[in-house]
Amino acid sequence: MNTEDNRTLERLKVRLGESNYQKLVKIDNPELYHFIAKYIELFNPEKIFVCTDSPEDIRHVKQESIKAGEEVELAVEGHTYHFDSYHDQARDKDNSKYLLPSGVELGQNINAMDRSEGLKEIHLIMKDIMQGNQLFIGFFCLGPLNSQFSIPAVQLTDSGYVAHSEDLLYRQGYEEFIRLGRSARFLKFVHSAGELDERKTSKNIDKRRVYIDLEDEIVFSTNTQYGGNTIGLKKLAMRPAIKRASKEGWLTEHMFIMGVHGPSRRVTYFTGAFPSLCGKTSTSMLPGESIVGDDIAYLRNIDGVIRAVNPESGMFGVIQGVNSVDDPLIWKVLHNPGDVIFSNVLVTKEKGVHWIGKDGKEPEKGFNYAGEWTPGKKDENGNFILTSHPNARFTLDLQLLDNMDPKLNDPEGVLVGGIIYGGRDSDTKVPVEESFDWVHGFITMGAALESETTAATLGKEGVRKINPMSNLDFLSIPIGRYIESHLNFGAKLNNPPPIFSVNYFLKDKEGKFTNDKTDKAVWLKWMELRSHNEVEAIEMPTGFIPKYEDLNKLFNEVLNKDYSEEDYVNQFSVRVPENLAKIDRVEDFYKTKVTDTPQILFEVLEEQKQRLIAAQEKYGDNISPL
Ligand code: SPV
Ligand code: MN
């Protein structure tokens with residue numbers, strides 16, 4: 001330790017007090033000391049709490065959140081609710097920016113600004129921002145402990161709600177920091193909810209910022225509480241992790257990981273990328289299957305195969321539509337004692353909660369993210385205020401779920417048997433389809449992924465947007481380079497797993513959904529069999545689709561229902577004009593907006609176009625699988 005390190009420690013001792021100081025110095029890492037000292041001095045909190053992995057410390061954080069009023073206890077033991085400001089209900093894409101040194105560019109799809117300007121601005125906004133408040137310092141590990149996948153991370157926040165959420169969602173990492181000492185290459189997150197109003201929600205939304213400094217691997221977040229903007233280890237950590245991954249030859253993806261249970265007790269693991277609110281969590285939570293993670297995955301090539309881990313160990317899930325029939329396992333956790341946070345739901349006088357799509361009758365009054373609520377209440381623009389926000393969520397530790405996969409904490413991760421790309425697509429893609437090979441799948445299903453926008457980000461809903469790998473919101477490298485990383489990753493595999501696309505949102509000519517909500521269970525079982533070459537498929541211009549008789553058999557086995565040939569034709573016919581239009585949109589996007597697109601992307605799209613045109617000449621606009 002040099003004199004500068006010692007001076008930093010002296011300063012920390014004064015600020016932290018003896019017991020917190022002792023906790024911190026058990027970790028031998030001067031970089032950590034300097035980082036913490038710098039931000040303590042900038043934020044100027046009145047109190048500081050260093051949280052270790054001990055259950056007492058973790059309990060203390062929750063108690064402090066309740067004491068400060070950011071969370072309020074509900075009738076069910078262990079449950080709390082939290083509100084975000086009415087104008088702070090989703091990720092703020094406009095104010096999430098990369099801070100780039102001169103000479104670095106990420107392309108026009110990625111929001112960025114000059115690094116020194118951004119740092120100046122954020123330091124100014126956050127100066128003395130914690131005066132009179134408490135700072136929590138938490139240590140976490142992204143991915144299983146002591147694994148080649150894992151990334152240590154430290155969080156500084158003045159929000160007990162954020163700190164508590166992280167305790168539920170991530171693996172504790174204090175001991176891991178001690179073990180790693182100076183070798184820890186850790187990510188850093190600093191957050192302040194800023195000034196709070198009487199409802200304990202962030203007040204200065206105009207000063208809401210999420211700034212990502214890739215140089216020092218620090219993410220700043222301020223004047224916001226909504227989890228997607230604040231929970232450092234969630235979407236904020238994805239940004240530096242994507243950059244690291246691209247440099248080091250692995251992948252950080254916006255994907256669930258689940259075990260699909262096949263014949264003879266076989267479990268095949270799938271990862272699936274879906275934009276927010278497109279069925280990602282509900283797929284990973286399908287009855288009879290097991291969940292490793294519902295949101296983020298790290299993928300590595302280990303001995304020529306893909307292995308994956310979930311950097312998280314909890315779930316920050318959408319609550320809208322959760323009901324006892326479709327989501328029995330989540331339902332059970334949401335109705336039993338345990339550590340669960342409900343955010344932006346309706347709370348009743350009896351300290352119960354309600355949300356859109358919950359079983360039972362809607363309460364006649366309560367209070368929600370907009371204040372006192374009765375049915376029919378309108379906001380200042382005359383829009384109805386819904387019972388709960390469409391992006392209202394529950395937060396829980398995966399350990400509470402009966403279907404948690406036993407390999408969640410395996411340091412080796414799970415072997416990936418298939419990759420799925422899904423989007424919200426009302427008129428083009430069939431419900432399930434397998435690609436011809438890795439490159440074809442990655443490009444026509446991943447890089448060309450389109451989806452209609454949802455309530456998970458601020459802005460208009462229902463607009464079709466391209467979202468490569470459903471990861472666009474989090475990319476910290478130019479899109480072309482990200483695509484290149486994927487192609488390189490695939491090229492180095494001995495035997496790449498099959499790639500599939502799914503679409504749960506296909507509508508017929510009358511605008512009705514062609515599928516039932518539960519049908520995805522069948523698509524998964526079919527993909528599981530394909531992964532082991534145990535079922536045949538029909539070659540169509542866009543990929544391999546299931547045969548009618550196989551699906552009918554699976555519908556009977558899995559859902560105990562018949563599947564009509566008429567439904568099959570409706571769902572699996574290739575709509576040629578729609579598919580061609582999609583290719584045009586995708587080509588246009590890459591041609592005009594992604595200057596570093598690898599040439600192969602255009603070639604693969606062109607081949608698909610030619611296959612479609614040739615088929616159209618033979619069979620017409622609508623090609624029946626029969
Ligand atoms: C998503 O929107 O993709 C989520 C929730 O998983 S958030 O934390 O807001 O990113
Ligand atoms: Mn997500």
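Above: the structure in question.
Note on numbering: residues in each chain are counted from 1, in written sequence order. Numbering of ligands from 1 and lettering of chains from A proceed in the order in which they are written. Local features in a predicted model are, by the rule used here, given only for residues with pLDDT of at least 70; side-chain atom pairs are given and counted only at 80 or more, and totals for whole chains, interfaces and linings are based on all residues. Side-chain numbers here rest on the full set of heavy atoms in the structure, without hydrogens or water.

K.L.:
An account of the pattern of salt bridges is requested, with residue identities and associated values reported.
P.N.:
Just to be clear on terms, a salt bridge is a Lys or Arg side-chain nitrogen sitting within 4 Å of an Asp or Glu carboxyl oxygen. What the rule picks out here adds up to 43 salt bridges. Note that K93 is salt-bridged to D473, the shortest N-O span being 3.1 Å. Of this pair, K93 sits in the loop between β3 (79-82) and β4 (96-100) while D473 sits in the loop between β28 (464-466) and α13 (479-491), and the two are 380 residues apart along the sequence. Note that D213 is salt-bridged to R115, the shortest N-O span being 2.7 Å. Linking D213 in strand β10 (residues 209-213) with R115 in helix α5 (residues 115-126), this pair joins segments that are 98 residues apart in sequence. For the residue pair D213 and R115, the accessibility class agrees, reading buried in each case. Connected through shared salt-bridge partners, K234, K235, K280, D295 and E312 make up one network. Counting from the N terminus, the helices are DSSP H or I runs at least four residues long and the strands are E runs at least two residues long. Each residue's exposure class comes from its accessible area (1.4 Å probe, protein chains only) as a fraction of the maximum for that residue type: buried when under 20%, exposed when over 50%, partly exposed otherwise.

K.L.:
Residue-level account of the coordination of the manganese ion (ligand 2), with values.
P.N.:
Note: metal donors comprise N, O and S atoms at 2.8 Å or less from the metal (3.2 Å for Na, K and Ca); water molecules are not included, so apparent gaps in a site are possible. The protein atoms that coordinate the manganese ion (ligand 2) are K235 (NZ), H254 (NE2) and D295 (OD), at distances spanning 2.1 to 2.2 Å. For the manganese ion (ligand 2), all donor residues lie on one chain, and their spacing in sequence is K-x18-H-x40-D. Highlighted residues: K235 in helix α9 (residues 232-248) and H254 in the loop between β12 (251-253) and β13 (255-261), separated in sequence by 19 residues. Take K235 and H254: they sit in the same class, and that class is buried.

K.L.:
Go over the nonpolar core with me, naming the residues and quoting the values.
P.N.:
Put simply, a nonpolar core is a bunch of buried Ala, Val, Leu, Ile, Met, Phe, Trp, Tyr and Cys residues held in one set by side-chain atoms that sit within 4.5 Å of each other. Ranked by size, the top nonpolar core spans 144 residues in total, and within it L334, F342, Y421, W523, M527 and Y590 carry the most contacts. Each residue touching L334, except ones within four places of it in the same chain, is listed here: H79, I319, V322, V340, F342, W355, F394 and L396. Within the second largest apolar cluster, 37 residues are counted, among which are I40, I129, Y174 and I218. Contacts are assigned to residue pairs that have any heavy atoms within 4.5 Å of one another.

K.L.:
Just give me the short version of helix α15 (residues 548-559), but keep the residues and values in it.
P.N.:
A turn of α-helix holds 3.6 residues, and therefore any two residues three or four places apart point the same way. A rise of 1.5 Å per residue sets the reference length of α15, with its 12 residues, at 16 Å; its end C-alpha atoms lie 16 Å apart and thus fit the reference within 8%. Listed in full, the buried residues belonging to α15 are Y548, D550, L551, N552, L554 and F555. In the core, the buried residues of α15 are packed alongside α14 (520-531), β31 (543-546) and α16 (565-572). Under the convention used throughout, the expected extent of a helix is 1.5 Å for every residue step, that is, one less than its residue count.

K.L.:
Describe the packing of α14 against α15, and please don't skip the residues or the numbers.
P.N.:
Orientation of α14 relative to α15, taken along the N-to-C sense of each, is 120°, at an axis distance of 9 Å. In terms of axis orientation, α14 runs oblique to α15. Where α14 crosses over α15, the handedness of that crossing is right-handed. Counting all contacts with α14, which are made through A521, V522, W523, K525, W526 and L529, the residues of α15 involved are L551, L554, F555, V558 and L559. In the contact of α14 with α15, the residues fall into 10 nonpolar, no polar and 1 charged. Interaxial angle, 0 to 180 degrees, is taken between N-to-C directions of lines fitted to C-alpha atoms, where a helix line uses only the stretch in contact. Working definition: roughly parallel below 35 degrees, roughly antiparallel above 145 degrees, roughly perpendicular at 65 to 115 degrees, and oblique for all remaining angles. The crossing is said to be left-handed when, going from far helix to near helix, the turn is anticlockwise and less than a right angle, and right-handed when the turn is clockwise. Only Asp, Glu, Lys and Arg are considered charged in this grouping, and only Ala, Val, Leu, Ile, Met, Phe, Trp, Tyr, Cys and Pro are considered nonpolar; every other residue, Gly among them, is considered polar.

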